[in-house]
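Examining the three-dimensional arrangement
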Amino acid sequence: ARAALWGGRFAGGPSRELEALSRSTHFDWQLAPYDLAGSRAHARVLSRAGLLTDADLERLLAGIDALEADVAAGVFVADPGDEDVHSALERGLVERLGPELGGRLRAGRSRNDQIATLGRMYLRDHASTIAGLVGDLVDAIVEQARTHLGATMPGRTHLQHAQPVLLSHHLLAHAWPLVRDLERLRDFDARTGSESPYGSGALAGSSLGLDPLAVAADLGFTGSAPNSIDGTAARDTTAEFAFVTAMIGIDVSRFAEEVIVWATKEFDFVRLHDGYSTGSSIMPQKKNPDIAELARGKAGRLVGNLTGLMTTLKALPLAYNRDLQEDKEPVFDSAETLEVLLPAFTGMVATLGFNTERMAELAPQGFSLATDVAEWLVREGVPFRDAHEISGACVRLCEERGIELWDLTDEDLTSVSEHLTPGVREVLSVEGSIASRDGRGGTAQVRVAEQIEEIDARLAAV
Ligand code: ARG
């Protein structure tokens, strides 16, 4: 039988089947650096509480350093008998320092408060990496918006032509959700970083006079858990990480879907850079938007991770239950997924070529200036209800004749309504329509330029 951390009351070792099921080292090994940082902090509070002599503290810290170097070099690895990263690293320490000193470190801590703390440390680090990558994507979108500030396109609702908009306005509409996602990551970090679970013990806290706040500060937290049961059992911030990463995936997937559609022959709005598109093994002419498609697909995976984690947590009684071991793989996967997806997606966006002539040509089609006619009538004193009818009648007339709104003669216009004087022609252009929507948040160029400033300010504040 191997030396499990809990061997004392057992006559024999665990069965092979139990070990196979129970083992988590193949995925929690990436927590090793956090586990070792936790051990250093824990050794220091033990010493401060008078439970380790200065000499023992020195030897322990040196042993942890040596073990850390061996882990980093791949010299120390998990053994099939190690249940998890915590057990393995304790074994490593005992091997280096002997059972007497190596065994002192377990006093006053439990794998339950350890894993709760280390999981949060991992998530905070990855949230920071992901925030940098989301920031890069926002920058790439803003740069495209800046480059194409005057370009126009058909704005759509229900995927039907609705009203003309600036291409940059549409692009920035993809940047804003990502700006809010960045703010969500910041909020997640502040909330998660304010309550370090270390010191909660198995569930009831520590009797050894250890200072949880000192450990918290050592590990980069701003405070410690106010309740030791909550400290070991709560995974709401883990779920929050899973939600924010899923939301980022979903926000990216909505842009991805448009790139996929825009790259079709029928739309012909964008051209993908060779370095960020793929070919076909059989059809020589193909150029496929695989990055955008993978983004769309990965969003499903991220939602799956969130759903799986929430399902594990639902109705789980307090405090620690082994079910909680299942909290790691979904969020590790969400972090890793975004960390490979975002750089590729950002590269695709940064190198996207826009066919602005084609977009401009389509902008006024599908009678997308009909609302402008109705609003022009309102400014002339006509009630909107009537104005809507009059403009609709113009569209019907045009459809019958197979012409566009601006092809209607002065006589055609007055035949529809006496209110339709030739002055209406001032809004029968894409530029006039766009320039007129100059209220805050509107598509007028001055407002779009302001938005870019506003995004820069929001990014500077996260
Ligand atoms: N490996 C466990 C986890 O990931 C932590 C260990 C707690 N195990 C226990 N039997 N109390 O959640």
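Going by an unreviewed UniProt entry, the protein chain carries the name Argininosuccinate lyase and comes from Mumia flava. Regarding the protein chain, the UniProt comment filed under Catalytic activity (unreviewed entry) reads as follows: "2-(N(omega)-L-arginino)succinate = fumarate + L-arginine". Regarding the protein chain, the UniProt comment filed under Subcellular location (unreviewed entry) reads as follows: "Cytoplasm".

1. Notes on the site of the ligand
Inspection of the region around the ligand gives Ser-24, Asp-28, Asp-84, Arg-111, Asn-112, Ile-115, Tyr-320, Arg-322, Leu-324 and Gln-325 as its neighbouring residues. Per element, the largest residue contribution to the shell around the ligand is three residues, and it comes from helix α6 (residues 111-147). Per-class residue counts for the shell around the ligand are three nonpolar, three polar and four charged. Both domain 1 (12-107) and domain 2 (112-208 + 230-361) contribute no fewer than three residues apiece to the shell around the ligand.

2. Some words on the nonpolar core
Counting residues in hydrophobic clusters, the biggest one holds 91 residues, and the most contacted among them are Val-134, Leu-137, Val-138, Ile-141, Ala-175, Ala-295 and Phe-345. Tallying contributions element by element places α6 first for this core, with 16 residues. Membership of the second largest hydrophobic core comes to 13 residues, among which are Val-373, Trp-376, Leu-377 and Leu-413.

3. Description of unusual backbone geometry
Following Leu-318, the chain continues to Ala-319 via a peptide bond in cis, the omega torsion being -5 degrees. Its place among the elements puts Ala-319 in the loop between α11 (290-313) and α12 (328-350). Located in the positive-phi region is His-158, a residue other than glycine, with phi close to 55 degrees. Along the polypeptide, His-158 turns up in the loop between β1 (152-157) and β2 (160-166). Its identity as a non-glycine residue notwithstanding, Asp-268 has a phi of 55 degrees, on the positive side. For Asp-268, the position within the fold is in the loop between α10 (236-262) and β3 (270-271).

4. Things to note about the pairing of β1
Successive residues of a regular strand alternate their side chains across the two faces of the sheet. Sheet topology note: the β1/β2 ladder contains six bridges and is antiparallel. Paired with Gly-155 across the two strands is Gln-163, which belongs to β2. Following β1, the chain reverses through two residues before pairing antiparallel with β2; His-158 in that reversal takes a positive phi of roughly 55 degrees.

The rules we used
Residues numbered from 1 in each chain as written. Predicted model: local features only at pLDDT ≥ 70, side-chain atom pairs only at ≥ 80, totals over all residues. UniProt positions renumbered as here; feature names shortened; annotations may be inferred. Near = placed C-beta within 6 Å. Helix = DSSP H or I, 4+ residues; strand = E, 2+ residues; numbered from the N terminus. Nonpolar A, V, L, I, M, F, W, Y, C, P; charged D, E, K, R; others polar. Domains from an automatic or database assignment. Core = buried A, V, L, I, M, F, W, Y, C linked by C-beta atoms within 7 Å. Buried ≥ 20, exposed ≤ 12 C-beta atoms within 10 Å, placed from the backbone. Pairing = 2+ DSSP bridges.

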